[in-house]
Amino acid sequence: MKKVYKNITDVLRLNRFIVLVVVILCLLTSAISMGLLYHYQEKLLNAAFAIDAEGTILPLRLVGQEEKREVEALAHIDLFHRLFYGIDDSNYRDHLDKALWLGDASVDAIYRQKKSDGVYNRLLQFSLRQQVVQVDIALDLEKEPYRFRARTVFEVHRGAVIDRYQLDTSGELIVVDRNFPHNPHGLLITDFFEDSLHKLETQTK
């Protein structure tokens, strides 16, 4: 019996169809794999896990960049005010040196003005101690530079007499390179002003 061979054109068409289907399936599989990999990578970036004492895995939510920026900005402003205004005759040089790293020339200008007015000389002469009691901060993180206003309550201890003051300040924050330990938050105070100072009360020990 004579063997019947298929038309070579039909064979080539069939082979081309099979190759095309395989290529399409491979591309679809790769696309789905990449999509799943991206999805799980995003999920892992937004979550972390810890193991408690009993061996249970606990999911931990990572704080978003914006939330971290707010925390760091508030910490930066609070640290600056506590260093710049919380001084006494034993620590004022160290505190002022650290505070000046946290601000620009506007902070330095206020420091120089206080120095020329004899504020630090009186601190040494009368053994005064300024203690920051409270720092309340209003912060706008809508756009950089970030505007802020701060209300600082501090006490001036003169022996048995304690004078309490309220100082309102304002300024802006810009993002700079971190510089540990001088500027760990990577922020810099600019356009800093002492807006008002009010005496609140006087106490005796």
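If you're wondering where the values come from, they're calculated on a predicted model, not measured in any experiment. Throughout, residues of each chain are indexed from 1 in the direction in which the sequence is written. The model is predicted, so local features are restricted to residues of pLDDT at least 70 and side-chain atom pairs to those at 80 or more, both for listing and for counting; the totals for chains, interfaces and linings are taken over all residues. Hydrogens and water molecules were not included; the side-chain quantities draw on all heavy atoms of the structure.

Let us now look at the nonpolar core. Core analysis: the biggest nonpolar cluster contains 30 residues, and Phe 80, Phe 84, Tyr 120, Leu 173, Ile 189 and Phe 192 have the highest contact counts within it. For the purposes of this entry, the term helix denotes a DSSP run of H or I that reaches at least four residues, the term strand denotes a run of E that reaches at least two, and both are numbered from the N terminus. Per-element tally for this core: the top contributor is helix α2 (residues 65-85), with six residues. Residues are treated as being in contact if the distance between any of their heavy atoms lies within 4.5 Å. Those residues within four positions of Phe 192 in sequence are excluded, and the remaining contacts are Phe 80, His 81, Tyr 85, Ser 106, Val 107, Ile 110, Phe 148, Thr 169, Ser 170 and Gly 171. As used here, the term nonpolar core means buried Ala, Val, Leu, Ile, Met, Phe, Trp, Tyr and Cys residues forming a set that is joined through side-chain atoms within 4.5 Å. Burial classes: relative accessible area under 20% of the type maximum marks a residue as buried, over 50% as exposed, and values in between as partly exposed (1.4 Å probe, protein chains only).

Quick look at the confidence of the model for the protein now. Per-residue confidence from the predictor is reported as pLDDT, a score between 0 and 100. With 84% of its residues at a pLDDT of at least 70, the protein reaches an overall mean of 87. Considering each helix and strand of the protein separately, the mean pLDDT is smallest for strand β2 (residues 57-61), with a value of 55, and largest for helix α4 (residues 105-116), with 97.

Where side chains of opposite charge bring their charged atoms close, a pairing between them can arise. Just to be clear on terms, a salt bridge is a Lys or Arg side-chain nitrogen sitting within 4 Å of an Asp or Glu carboxyl oxygen. Considering all chains together, one arrives at twelve salt bridges under this definition. For Arg 69, the salt bridge identified is with Glu 72, shortest N-O distance 4.0 Å. Here Arg 69 pairs with Glu 72, and both are found in helix α2, just three residues apart, close to one helical turn. Of the two residues examined, Arg 69 and Glu 72, each falls in the buried class. Residues Arg 147 and Glu 172 are paired through a salt bridge, measuring 3.3 Å at the closest nitrogen-oxygen approach. Highlighted residues: Arg 147 in strand β4 (residues 146-158) and Glu 172 in strand β5 (residues 161-175), separated in sequence by 25 residues.

A separate point is the sheet that holds strand β6 (residues 187-204). Should DSSP find at least two bridges between two strands, the strands are taken to pair. If you trace the four strands from one edge of the open sheet to the other, you get β3-β4-β5-β6, paired in antiparallel fashion. Strands with a single pairing partner mark the edges of an open sheet, and in this sheet they are β3 (129-140) and β6. Direction aside, neighbouring strands of the sheet carry axes that sit 15 degrees apart on average. Bridging between β4 and β5 involves 13 bridges; their strand directions are antiparallel. If you follow Arg 158 over to β5, its bridge partner there is Val 161. For every element, the axis is a line fit to its C-alpha atoms; helices are fit only across the contacting stretch, and the angle between N-to-C directions ranges from 0 to 180 degrees.

Note on aromatic contacts: the rings of Phe and Tyr and the six-membered ring of Trp form a pair at centre separations within 6.5 Å, being stacked when their planes are under 30 degrees apart, edge-to-face when over 60 apart, and tilted otherwise. In this structure the tally under the stated criterion is seven aromatic pairs. Ring centres of Phe 80 and Phe 84 lie 5.2 Å apart, and the angle between their planes is 15 degrees; this geometry places the pair in the stacked category. Placement of the pair is Phe 80 and Phe 84 together in helix α2, with a separation of four residues, close to one helical turn. Both residues of the pair, Phe 80 and Phe 84, count as buried. Here Tyr 92 and Tyr 120 contribute two aromatic rings whose centre-to-centre distance is 5.8 Å and whose plane-to-plane angle is 15 degrees, an arrangement assigned as stacked.

Working note: α-helix, 3.6 residues per turn, so residues spaced by three or four point in the same direction. One fewer than the residue count of a helix, multiplied by 1.5 Å, yields its expected span. Between the first and last C-alpha of α4 there are 16 Å, a value that for twelve residues agrees with the 16 Å anticipated at 1.5 Å per step. Those residues of α4 that fall on the buried side of the exposure criterion are Ser 106, Val 107, Ile 110, Tyr 111 and Lys 114. Taken down its axis, α4 places every buried residue within 145 degrees of arc, on the same side. Exposed residues pointing more than 90 degrees away from the buried face of α4 are listed as Ala 105, Arg 112, Lys 115 and Ser 116. Working note: the arc is built from the helix axis to C-beta atom directions.

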